[in-house]
Amino acid sequence: DELYDMLGDGDVESIMLWLDAGVDVDIADEDGWTPLLLTCYKGHVALARLLLDAGADKRGDNKEYTPLFATCDKGHENVVRMLLGEGADKEKANNQGFTPLFAACHEGHEKVVRILLGEGAQKDKASNQGKTSLYIACHKGHTAIVKLLFDEGANITEEIIIQGQAYTPLFT
């Protein structure tokens, strides 16, 4: 679709014309991706700002991602800061119970983890499977993030039961 090609490319001028023509800023494609969601996923700061100023829903999601989750997953620090400054919900989990902090820990985006923790993200919130951000950072081998979460007081002794087996974050 032409609109989503322009969004993916970060084409601010074309999107301005699109908005001026009165197209719904929150129109979603068949997979539930809104313009803001795709823009945040791609990390286009100027385009995200334009869409937010036009009234885009920063909380909207397609069950897998919110704009904040998508940008945390991809490590786009400036977009993360912008969305948090706009009041995006840092605790909104996807359908598996993964939060933006979990996504940043999973992908190894230390700076994004620092931003989220600085904004008070819940470091011990567990997914539907019982996995925490510390658990996934340990599992993925992101030692700098493990140290950061440890320094922030994340629970290192809580047992997580996965497929009938008990684990702690440090023994994954």
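Heads up: the structure comes first, above all this text.
Quick caveat: nothing in here was measured; it's all calculated off a predicted structure.

Asks: Where do I start with helix H4 (residues 45-53) in this structure?
Replies: Think of an α-helix as turning once every 3.6 residues; residues three or four places apart then point the same way. Those residues of H4 that fall on the buried side of the exposure criterion are Leu47, Ala48, Leu50, Leu51 and Leu52. Buried residues belonging to H4 abut helix H1 (2-9), helix H2 (12-20), helix H3 (35-42) and helix H6 (77-85). Backbone geometry just downstream of H4 places Gly55 in the positive-phi region, at approximately 95°.

Asks: How do you make sense of the pattern of salt bridges when you look at a structure like this?
Replies: If the charged atoms of two oppositely charged side chains come close together, the side chains can form a pair. Scanning all chains against the criterion turns up 5 salt bridges. A salt bridge links Glu86 to Arg49; the nearest nitrogen and oxygen atoms lie 2.7 Å apart. Of this pair, Glu86 sits in the loop between H6 and helix H7 (100-107) while Arg49 sits in helix H4, and the two are 37 residues apart along the sequence. Among the ionic pairs, Asp57 bridges to Arg59, the shortest N-O distance being 3.3 Å. Judged by its relative accessible area of 27%, Asp57 falls in the partly exposed class.

Asks: Sorry if this is basic, but what is going on with the packing of H7 against helix H9 (residues 133-140) here?
Replies: Running from N to C, H7 and H9 cross one another at 10°; their axes reach a closest spacing of 8 Å. Considered as vectors, H7 and H9 are oriented roughly parallel to each other. Taken as a pair, H7 and H9 cross one another with a handedness that is right-handed. Contacts from Leu101, Phe102, Cys105 and His106 in H7 reach Ser133, Ile136, Ala137 and Lys140 in H9. When the residues that make up the contact of H7 with H9 are grouped by side-chain class, the tally is 5 nonpolar, 2 polar and 1 charged.

Cut-offs and rules
- Residues numbered from 1 in each chain as written.
- Predicted model: local features only at pLDDT ≥ 70, side-chain atom pairs only at ≥ 80, totals over all residues.
- Heavy atoms only, no water.
- Buried < 20%, exposed > 50% of the residue type's maximum accessible area, 1.4 Å probe, protein only.
- Helix = DSSP H or I, 4+ residues; strand = E, 2+ residues; numbered from the N terminus.
- Contact = heavy atoms within 4.5 Å.
- Salt bridge = Lys/Arg side-chain N within 4 Å of Asp/Glu carboxyl O.
- Axes fitted to C-alpha atoms, helices over the stretch in contact; angles between N-to-C directions.
- Parallel < 35°, antiparallel > 145°, perpendicular 65-115°, else oblique.
- Left-handed = near helix turned anticlockwise from the far one by under 90°.
- Nonpolar A, V, L, I, M, F, W, Y, C, P; charged D, E, K, R; others polar.

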